[in-house]
Amino acid sequence: MGSSDWDALRKQARHLENDIDLKLIAFNKVGTGSSSLNSAASSPSDTSPLLGDHVFESLSLEIEQMLDKLSNINEKMAEIPGTGAAVMHVLQRHREILHGYRQEYLKIQANHTTRMEREELLRGSGLGGTTSLSSPSTSGLSRRDMYLKENTHLHNSSSMVNDQISIAMETKEHLSSQRQHMKRFQTRMHDISNRFPMISSLIQRINIRKRRESLILGGVIGVCTILLLLYAFH
């Protein structure tokens, strides 16, 4: 398993995280809307509460399966040998997201259970509290939707920032690796030059001798030229 497997698992984790985020929003809407459905049901059969509970239970089961699948993907990502701090940071971020989703899921379930118990008490007491309970619930739905949308935007922004941080850390590691390679290359060249000082001195002597021979040859050619000119004019 290598970087390609890591990238594939990370894409699966991101896709599954987005799906869970959307499912949690729908799950929360069903949980908060169940009270209004129960309070609005006036028929003895109570078909609307049963339908709301069925949707809530089906979403609950689906989210649990998705959370388990995301947990398995995170475990597979942890089994891949890491290449640096960036990989560990990304893996830790995915684990934190999974933990946050589990906490949100349990919180919605607990709120739903508390709400259902309270409605059962109000219904059993014979008071008209269920009708009065529906009005603050319905009025608060729009406010909850705004909070959920804002939470979604913050989550997406946080994911983008974490991706940019991961890219910057990976770039830093690559630059540090290149710097180490350059330092090793310079050290080797320096060692080679220190091991063979005789070669450099021999090359210097050869260059000095070539220059001296060039000067002597030039002087001989000049003297011969002068002698030829003198002989020609005589």
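Keep in mind the model is a prediction, meaning the values are calculated, not measured. (Residues numbered from 1 in each chain as written. Predicted model: local features only at pLDDT ≥ 70, side-chain atom pairs only at ≥ 80, totals over all residues. Heavy atoms only, no water.)

1. What about the overall build of the protein chain?
Phase 1: Tallying secondary structure elements over the protein chain gives 5 helices and 0 strands in all.
Phase 2: When the helices and strands of the protein chain are read in sequence order from the N terminus, they spell out α-α-α-α-α.
Phase 3: Counting over 234 residues, the protein chain shows a buried share of 25%.
Phase 4: Intrachain contacts of the protein chain at a sequence separation of at least 6 include 86% that bridge at least 24 residues.
Phase 5: Of the roughly 16800 Å² of accessible surface on the protein chain, a fraction of 60% belongs to carbon and sulfur atoms. (Helix = DSSP H or I, 4+ residues; strand = E, 2+ residues; numbered from the N terminus. Buried < 20%, exposed > 50% of the residue type's maximum accessible area, 1.4 Å probe, protein only. Contact = heavy atoms within 4.5 Å. Areas by Shrake-Rupley, 256 points an atom, 1.4 Å probe, with all protein chains shown as cover.)

2. Quick notes on a nonpolar patch on the surface
Phase 1: A surface patch of nonpolar side chains, amounting to about 380 Å² of accessible area, comprises Val-223, Ile-226, Leu-227 and Leu-230.
Phase 2: Among the structural elements, Val-223 can be located in helix H5 (residues 197-233).
Phase 3: Looking at Val-223, the relative accessible area reads 47%, which means it is partly exposed. (Patch = residues over 30% accessible without salt bridge, like charges linked within 9 Å, V, L, I, M, F, W, Y side chains within 5 Å. Salt bridge = Lys/Arg side-chain N within 4 Å of Asp/Glu carboxyl O.)

3. Comments concerning the packing of aromatic side chains
Phase 1: Inspection of every chain in the model, using the stated rule, returns 2 aromatic pairs.
Phase 2: Seen in terms of ring centroids, Phe-27 and Phe-56 are 4.4 Å apart; in terms of plane orientation they differ by 25°. Their pairing is stacked. Of this pair, Phe-27 sits in helix H1 (residues 3-40) while Phe-56 sits in helix H2 (residues 47-79); the two residues are 29 residues apart in sequence, bridging distant segments of the chain. Like Phe-27, the residue Phe-56 is buried in the burial classification.
Phase 3: Ring geometry for Phe-27 and Tyr-105: centres 5.6 Å apart, planes at 25°, overall stacked. With Phe-27 in helix H1 and Tyr-105 in helix H3 (residues 85-125), the pair connects residues that are 78 residues apart, well separated along the chain.
Phase 4: Taking the relative accessible area as the measure of exposure, Phe-27 reaches 0% and is therefore buried.
Phase 5: A relative accessible area of 4% places Tyr-105 in the buried class.
Phase 6: Here the aromatic residues Phe-27, Phe-56 and Tyr-105 are joined through ring pairs into a cluster of three or more. (Phe/Tyr/Trp six-rings, centres within 6.5 Å; stacked < 30°, edge-to-face > 60°.)

4. Observations concerning the confidence of the model for the protein chain
Phase 1: For the protein chain, the mean per-residue pLDDT works out to 76, and 76% of the residues sit at or above 70.
Phase 2: Here residues 34-50 scores under 50 on pLDDT; set against residues more than four positions off or in separate chains, the count is 19 contacts. (pLDDT = per-residue confidence, 0-100.)

5. With respect to the pattern of salt bridges
Phase 1: Throughout the structure, instances matching the rule amount to 4 salt bridges.
Phase 2: For the salt bridge of Glu-62 with Lys-23, the shortest nitrogen-to-oxygen distance reads 3.0 Å. Here Lys-23 lies in helix H1 and Glu-62 lies in helix H2, a separation of 39 residues in the sequence.
Phase 3: Across the pair Arg-209 and Glu-213 runs a salt bridge whose closest N-O atoms are separated by 3.5 Å. Here Arg-209 pairs with Glu-213, and both are found in helix H5, just 4 residues apart, close to one helical turn.
Phase 4: Using a relative accessible area of 52% as the deciding quantity, one classes Arg-209 as exposed.

6. Description of the side chain of Ser-71
Phase 1: Residue placement: Ser-71 occurs in helix H2.
Phase 2: In this structure Ser-71 comes out as buried when scored by relative accessible area, which is 18%.
Phase 3: Excluding its chain neighbours within four sequence positions, the residues that come into contact with Ser-71 are Leu-98 and Arg-102.

7. Describing the environment of Thr-171
Phase 1: With respect to the element layout, Thr-171 can be found in helix H4 (residues 129-195).
Phase 2: Given a relative accessible area of 40%, Thr-171 falls into the partly exposed group.

8. Here's the deal with the side chain of Asn-74
Phase 1: In this fold, Asn-74 is placed in helix H2.
Phase 2: For Asn-74, a relative accessible area of 4% corresponds to the buried category.
Phase 3: Residue contacts for Asn-74: discarding those within four places in its chain leaves Leu-91, His-94, Arg-95 and Leu-98.

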